[in-house]
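# A closer look at the structure
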Amino acid sequence: SGVINGMTDMVIIRNQNLEVIKINKAVEDYFKGQSEQEIKNKLNEKTNTGIFNTCSIKASAEECNNSSVEIFDQANQKHFECRTTIIHTSENTPPVIVEQIRDISEKKNAETDLNQLYNKFSQISSQLPGMVYQFIQYPDKTFGIPYSNDKIENIFGVTLKEVQKQPDKLFSNIHPDDLQPFIE
């Protein structure tokens, strides 16, 4: 009880019939101002279509143990990751289902922002007359090209995906005398 109340993630513990037995303070905070019993009643409603019902449905199947699912809460415009774990305490007692629900909205927003920046950069770099690329040489002297604009195909005759899978393909088109300056 003390452990789950100290968590910032929402934690809901359900019995094998998916009825709520315990919630933590983060769940109470999410349901602002409602009593613990009101929250439990709401979470136990079969017509509840929010993030909590989605998590418990995913948890109800034994094969979903330790799985996670991302859920978007339309009403609050938030993204959540729900991890369900089925715990068997002993052979004589029924299992309990622990739902851990984490707000991942900041992470999802950052991913969206990063994708938009990447798309904008790709659009700009595709309009340049030369090749724009990122070259990485690792400590073990292997290398990789995580990014290149589409000019890589015009110049070297290989696609970025091909070079990412087999970086040596890029060097097969470079004269041996030009290889070292290219790497540097």
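The rules behind these values
- Residues numbered from 1 in each chain as written.
- Predicted model: local features only at pLDDT ≥ 70, side-chain atom pairs only at ≥ 80, totals over all residues.
- Heavy atoms only, no water.
- Pairing = 2+ DSSP bridges.
- Helix = DSSP H or I, 4+ residues; strand = E, 2+ residues; numbered from the N terminus.
- Axes fitted to C-alpha atoms, helices over the stretch in contact; angles between N-to-C directions.
- Core = buried A, V, L, I, M, F, W, Y, C linked by side-chain atoms within 4.5 Å.
- Buried < 20%, exposed > 50% of the residue type's maximum accessible area, 1.4 Å probe, protein only.

Here 5 strands make up an open sheet; going across it, the order is S2-S1-S5-S4-S3 and the pairing antiparallel. Every other strand in the sheet has two partners, leaving strand S2 (20-23) and strand S3 (67-73) as the edge strands with one partner each. Going from strand to strand, the sheet's axes swing by 25° on average, the running direction of each strand aside. Bridge count between S3 and strand S4 (residues 78-87): 7 bridges; the pairing is antiparallel. Bridging across to S4, Asp-73 finds its partner in Lys-78.

Another point: the nonpolar core. Grouped together as the largest cluster of nonpolar side chains are 13 residues, with contacts concentrated most on Met-10, Ile-12, Ile-23, Val-27, Ile-39, Leu-43 and Ile-101. Of all the elements in the fold, those that place two or more residues in this core are strand S1 (10-14), S2, helix H2 (25-30), helix H3 (36-44) and S4. One finds Leu-160, Val-163, Phe-171 and Phe-182 within the second-largest nonpolar core, a separate group that totals 12 residues.

All we've got here are geometric facts, nothing functional implied.
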